[in-house]
Amino acid sequence: MAPIILRLATIDDAWLISDLSRKTFYETFASYNTEENMALHMDMYYARETIQAELMEPWNFFILAYFDNELVGYAKMNEQVKEEAEKLESPIEIERIYSIKEMIGKGVGKKLMETCLSIAREKNKKVIWLGVWEHNYRAIEFYTRRGFEKFGEHCFPVGNDPQTDWLMKKNLMSS
């Protein structure tokens, strides 16, 4: 099997990230949401202009995962401290880890997670955290196996549907 190759995204990758975000979000969540709410969410968060703006912010960075020269996943990290993480010491967020359906279980998420943890440690962060939909059991299991623990919940609207995300964190000083 060919290796999974990672690289940091540049502004020129906005369209790739936008397209992959829409594809993976739809594959994962369309069966749980209305078409209207899916469209509203994707238009708000995954428009090319939105991704371009995120790429220009110094606190955001994207790690792209390639397999056989095809973009198969990415992670987005965010150094800006959000309200959910204000009580965490020196936090950094994994805002997204997305993989195309065909590559789930083939090491893309694992490699992206290892890279996110490595980047967090290089930046001397003490806690890495994320939000995950309370019914995304596969993702919750993935994070739990890697030492993440639930520390709270918050509302994550998909379109006009307020949903609940679990907030999970991992202490980087003891791992």
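Relevant structure appears above.
Since this is a predicted model, take the numbers as computed values, not measurements.

J.: Any chance you could break down the packing of helix H1 (residues 14-29) against helix H2 (residues 35-45) for me, citing the residues and the numbers?
T.: Running from N to C, H1 and H2 point in directions that differ by 150°, and their axes come no closer than 11 Å. In terms of axis orientation, H1 runs roughly antiparallel to H2. The crossing of H1 and H2 is right-handed. Contacts from Arg22, Phe25, Tyr26 and Phe29 in H1 reach Glu35, Met38, His41, Met42 and Asp43 in H2.

J.: How would you summarise unusual backbone geometry if you had to cite specific residues and measurements?
T.: A positive phi is found at Ser90, a non-glycine position, where the angle reads about 45°. If you trace the backbone, Ser90 turns up in the loop between strand E3 (70-78) and strand E4 (91-99). Taking the relative accessible area as the measure of exposure, Ser90 reaches 29% and is therefore partly exposed. Phi is positive for Asn124, which is not a glycine, with a value near 60°. Relative to the helices and strands, Asn124 resides in the loop between helix H4 (108-122) and strand E5 (127-133).

J.: Could you give an account of the side chain of Lys125, with specific residues and numbers?
T.: With respect to the helices and strands, the residue Lys125 is situated in the loop between H4 and E5. Among the residues examined, Lys125 registers a relative accessible area of 15% and is labelled buried. When sequence neighbours within four positions are dropped, the list of residues in contact with Lys125 reads Glu79, Ser90, Pro91, Ile92, Ala120, Leu172 and Met173.

J.: Lay out the pairing of strand E7 (residues 161-171) with the relevant residues and their values.
T.: With seven bridges joining them, E5 and E7 adopt antiparallel strand pairing. The residue bridging Ile128 from the neighbouring strand is Lys170, located in E7. Counting the residues that bridge the hairpin from strand E6 (residues 149-158) to E7 gives two residues, and of these Gly159 lies at a positive phi of roughly 65°.

J.: Give me the lowdown on the pairing of E5, citing residues and values where you can.
T.: Within a regular beta strand, the side chains point alternately toward one face of the sheet and then the other, so they alternate between its two faces. Burial analysis of E5 places six of its seven residues in the buried class, the great majority of the element. Two elements, E4 and E5, share three bridges in a ladder whose sense is parallel. Its bridge partner being in E5, Ile92 is matched across the sheet by Ile128. With H4 bridging E4 and its parallel neighbour E5, the resulting β-α-β unit is right-handed.

Here is what the cut-offs are and how they apply
- Residues numbered from 1 in each chain as written.
- Predicted model: local features only at pLDDT ≥ 70, side-chain atom pairs only at ≥ 80, totals over all residues.
- Heavy atoms only, no water.
- Axes fitted to C-alpha atoms, helices over the stretch in contact; angles between N-to-C directions.
- Helix = DSSP H or I, 4+ residues; strand = E, 2+ residues; numbered from the N terminus.
- Parallel < 35°, antiparallel > 145°, perpendicular 65-115°, else oblique.
- Left-handed = near helix turned anticlockwise from the far one by under 90°.
- Contact = heavy atoms within 4.5 Å.
- Buried < 20%, exposed > 50% of the residue type's maximum accessible area, 1.4 Å probe, protein only.
- Pairing = 2+ DSSP bridges.
- Right-handed = clockwise from strand over helix to strand, strands pointing away.

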